[in-house]
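Inside the fold
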Amino acid sequence: MIPVGPHAGQQVLRAGASVENASSAVIAVHGRGANAADIIGLARAIDLPGVAWLAPDAASHTWYPYSFLMPIEQNQPFLDSAISVVGGLLQHLEDNGIPAENAVLLGFSQGACLVSEFVARYPRRYGGLAVFSGGLIGESVDPGKYAGSLAGTPIFGGCSDTDPHIPLERFEVTGQVLAQLGGVVDFRVYPGMDHTINLDELSAARALIAGVSRSVS
């Protein structure tokens, strides 16, 4: 997949091992109003050797202009462009010897919505998916429109039950759709948490990424 549209050509920050020397990788996608430098800090927090981290920048610090709960058409062409960025990074990894089954897609907030939507649209065996406060994109979610198999992809998600940006119902139906597609889903709800990433979520994401690292070492 070649990146197209408004997000094509944006910088990609890197941390951890080089792609050429790594056997597994994380594509980390930032939230609205943030940038790649914010999310790439998780590489230091999770601190696993031998993992390549790639974090793309969104144009103007946002992957799509309106809420993820709006009709998909209203967020175009930005949403399709963002999807193509994720696909392009997966292709870059594959071209350098790291297939999708060795790659973890990770995102926070708007970035979590984006990686959830990408994996549901293009189901296959990935190394893993980590969803920090996000959900599938669109005015409503029709589980019947998603088809294919995630083939046992391990999936972690965490969200507050009072998150002002992510309705709990959307978070929960996202977990249901990903499980329906064959993902091994661990979605956790944190009562009263702010719109943030907590230590339990970081620990779960670290374990998920470490599992990929062990399986390919």
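Residues numbered from 1 in each chain as written. Predicted model: local features only at pLDDT ≥ 70, side-chain atom pairs only at ≥ 80, totals over all residues. Heavy atoms only, no water.

Some points on the pairing of strand β5 (residues 128–132)
Among the 5 residues in β5, 5 count as buried, and that is most of the element. In β5, alternate side chains face the same way, and those of Gly128, Ala130 and Phe132 on one face and Leu129 and Val131 on the other are all buried. Sheet analysis places strand β4 (residues 103–108) next to β5, joined by 5 bridges and oriented parallel. Directly across from Leu105, in β5, lies its bridge partner Leu129. In this view, the connection linking β4 to its parallel neighbour β5 by way of helix α4 (residues 110–121) has right-handed handedness. When β5 meets strand β6 (residues 154–160), the two strands line up parallel, connected through 4 bridges. Paired with Ala130 across the strands is Phe156, a residue of β6. (Buried < 20%, exposed > 50% of the residue type's maximum accessible area, 1.4 Å probe, protein only. Helix = DSSP H or I, 4+ residues; strand = E, 2+ residues; numbered from the N terminus. Pairing = 2+ DSSP bridges. Right-handed = clockwise from strand over helix to strand, strands pointing away.)

As for the environment of Ala112
As for its placement among the helices and strands, Ala112 is situated in helix α4. When its relative accessible area of 0% is taken as the criterion, Ala112 is described as buried. Expressed as a C-alpha distance, the spacing of Ala112 and Gly157, which sit 45 residues apart in the sequence, is 9.0 Å.

Some words on the nonpolar core
By size, the foremost hydrophobic cluster in this structure holds 47 residues, and its most contacted members are Trp63, Leu93, Leu105, Leu114, Tyr126 and Leu129. For this core, the secondary-structure elements that each account for two or more residues are β2 (24–29), β3 (51–56), α3 (78–95), β4, α4, β5, β6 and α5 (168–180). Here this core gets 8 residues from one element, more than from any other, and that element is α3. Residues Ile40, Met193, Ala210 and Val212 belong to the second largest nonpolar core, which totals 27 residues. (Core = buried A, V, L, I, M, F, W, Y, C linked by side-chain atoms within 4.5 Å.)

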